[in-house]
Amino acid sequence: MKILVMNAGSSSQKSCLYELPGGSLPEHPPEPLWEGQITWVEGVDHASVKVKTHQGHVLKQDLPPQSRFDDTLKLLKTLWTGDTQVIRSPEEIALVGHRVVHGGSHYRQSVVVTAAVKAEIERLAEFAPVHNPVNLEGIQITETLLGNQTPQVAVFDTAFHATLPPAAYIYPGRYEWLEQGIRRYGFHGISHQYCAQRAAQILQRDLANLRLINCHLGNGASLSAIRNGVSVDTTMGFTPLEGLMMGSRSGSIDPGIIIRLLRQEGYTVDQLDHLLNNDCGLEGLSGVSNDLRDIDAAIATGNQQAEQALEVYIHRLRWHIGAMLPSLGGLDALIFTAGIGENAPQIRAAACAPFEFLGLKLDPEKNANRPVDQDIATPDSAVRVLVIHTQEDWAIAQEAWRIYTTR
Ligand code: ADP
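Rules of the game
Residues numbered from 1 in each chain as written. Predicted model: local features only at pLDDT ≥ 70, side-chain atom pairs only at ≥ 80, totals over all residues. Heavy atoms only, no water. Helix = DSSP H or I, 4+ residues; strand = E, 2+ residues; numbered from the N terminus. Buried < 20%, exposed > 50% of the residue type's maximum accessible area, 1.4 Å probe, protein only. Polar contact = N/O pair within 3.5 Å; in protein donor to acceptor, adjacent residues only side chain to side chain. Contact = heavy atoms within 4.5 Å. Pairing = 2+ DSSP bridges. Axes fitted to C-alpha atoms, helices over the stretch in contact; angles between N-to-C directions. Core = buried A, V, L, I, M, F, W, Y, C linked by side-chain atoms within 4.5 Å. Domains from an automatic or database assignment. Near = heavy atom within 4 Å. Areas by Shrake-Rupley, 256 points an atom, 1.4 Å probe, with all protein chains shown as cover.

A separate point is the side chain of Ser 231. Position of Ser 231 relative to the elements: it lies in strand E11 (residues 230-234). Of the residues examined, Ser 231 reaches a relative accessible area of 0% and is grouped as buried. Within polar-contact distance, the side chain of Ser 231 engages the side chain of His 161 at 2.8 Å. Non-local contacts of Ser 231, meaning those with residues more than four positions away in its chain, are made with Phe 160, His 161, Thr 163, Leu 164, Ser 224, Ala 225 and Ile 226.

Put into structure tokens, the structure is as follows:
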């Protein structure tokens, strides 16, 4: 059975094709048959396409200016044409899984896409104006290619956090906010759920008896407190702006700052939106870049502003890890994932250091040794520390398969 995964972001469309031998789920993520990505860069008139197949064929191409819709159709057509061909025709695709960023309060789990589901995804664009429209477009593109006989499943980034208790999701504002849907939703749910399940596998423990904190540290970053397999707290909220300091997002700041910027500095709403999402965080504070590797390089040359930015990043990370603890009442494992979580041993060591009082002991050698899906705590540590390579696309494929086979 071949499953196509569509993962649309604000400036990229990632996609991959999995084959499930014998029609059942393997325990470990298989290599995709085909992986494709288009990137649209602001101010650049062409899109860049990159395709890779399991047989080692690679296609890199700049597309002439067209619509996002047409670019994505072209990307998908490389599945059955040219050197990157891995199927004879689109009919071989049995199922499509789509990442959809916002499922609101309504979608507590993944669903088969229907006309009503599409209408709801469109309605929820009010809460995720950058992501939900492109996620919906991805659904329309695969419908155009495959017709409406091929089942499509929407996998929501918010759904894993549907189990947050009211005290964790209600803002201490006005009650009317809640009625208007202004509440905490949480994001990165597909990654948090995947890592929780993988952690249980690595630890050979039952997920139903584990207390976990998952640190998803990429360009966007969030934590999830997971008790007995369900999300009980998280750092992102109504939007992905809340919580940790990120690559270019501020994370949580005093709302009074926003009032000041509006009142004294004459910011428009759009300028504020751009500022807080694109010009803050590591980028804004260091003046160097949103990429940790550039910050590290700048620090190595004595850039003190970059060093201070990193200190704030670490302070905020520790602060939020601490804030996850009360919802768990203890900690069995601290997990690091995504670009920074998987690749930056110095961030992992700094995040862990203040929690030694819990009996957490990091093994410095294991931490430094490029761990993948591995426990990097010492044998006598009271808390396990795991580095897990997050596999969101595989998690979407698994979810699509699960929903399709149990409907
Ligand atoms: P996104 O949220 O865009 O999916 P990723 O999970 O790919 O982000 O993480 C991107 C970030 O990971 C980069 O901005 C960079 O800071 C960090 N990163 C990637 N590789 C390394 C590395 N080898 N060392 C330190 N940081 C890294």
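As a further point, take the sheet that holds strand E4 (residues 47-53). With mixed pairing, eight strands are arranged side by side in an open sheet as E5-E4-E3-E2-E1-E6-E8-E7. A single partner strand is all that each edge strand has here, and the edge strands are strand E5 (58-63) and strand E7 (111-112). Alignment of strand E1 (residues 2-8) against strand E2 (residues 12-19), held across seven bridges, turns out to be antiparallel. Its bridge partner being in E2, Ala 8 is matched across the sheet by Gln 13. In the packing of helix H15 (residues 392-406) onto the sheet, the strands contacted are E1, E2, strand E6 (93-100), E7 and strand E8 (152-156), and the crossing angle to E6 comes to about 120°.

Ile 213, Leu 217, Leu 317, Ile 321, Leu 334 and Ile 347 are the most contacted members of the largest nonpolar core, which has 44 residues in total. Per-element tally for this core: the top contributor is helix H11 (residues 304-328), with nine residues. Within the second largest apolar cluster, 31 residues are counted, among which are Phe 160, Cys 195, Leu 210 and Ala 400.

Now for unusual backbone geometry. The backbone of Ala 338 sits at a positive phi, close to 75°, despite the residue not being glycine. Examined against the element boundaries, Ala 338 turns out to sit in helix H12 (residues 338-343). Positive phi, normally seen in glycine, also occurs at Asp 373, with a value near 50°. By the secondary structure assignment, Asp 373 is in the loop between helix H14 (364-368) and strand E13 (374-375).

Taken domain by domain, the protein chain holds domain 1 (2-156) and domain 2 (205-387). One C-alpha centre belongs to domain 1, the other to domain 2, and the line joining them spans 29 Å.

The next subject is the site of the ligand. Close to the ligand lie Gly 218, Asn 219, Gly 220, Asn 290, Asp 291, Leu 292, Arg 293, Ala 338, Gly 339, Ile 340 and Asn 343. Residue Asn 219 places a main-chain N or O atom 3.1 Å away from an oxygen atom belonging to the ligand. Here Asp 291 contributes a side-chain N or O atom positioned 3.3 Å from an oxygen atom of the ligand. Notes on the ligand: free accessible area 580 Å², of which the protein chains cover 68%. Where the shell around the ligand is concerned, the elements lending two or more residues are helix H10 (292-300) and H12. A total of four residues in the shell around the ligand trace back to one element, the largest contributor, which is H12.

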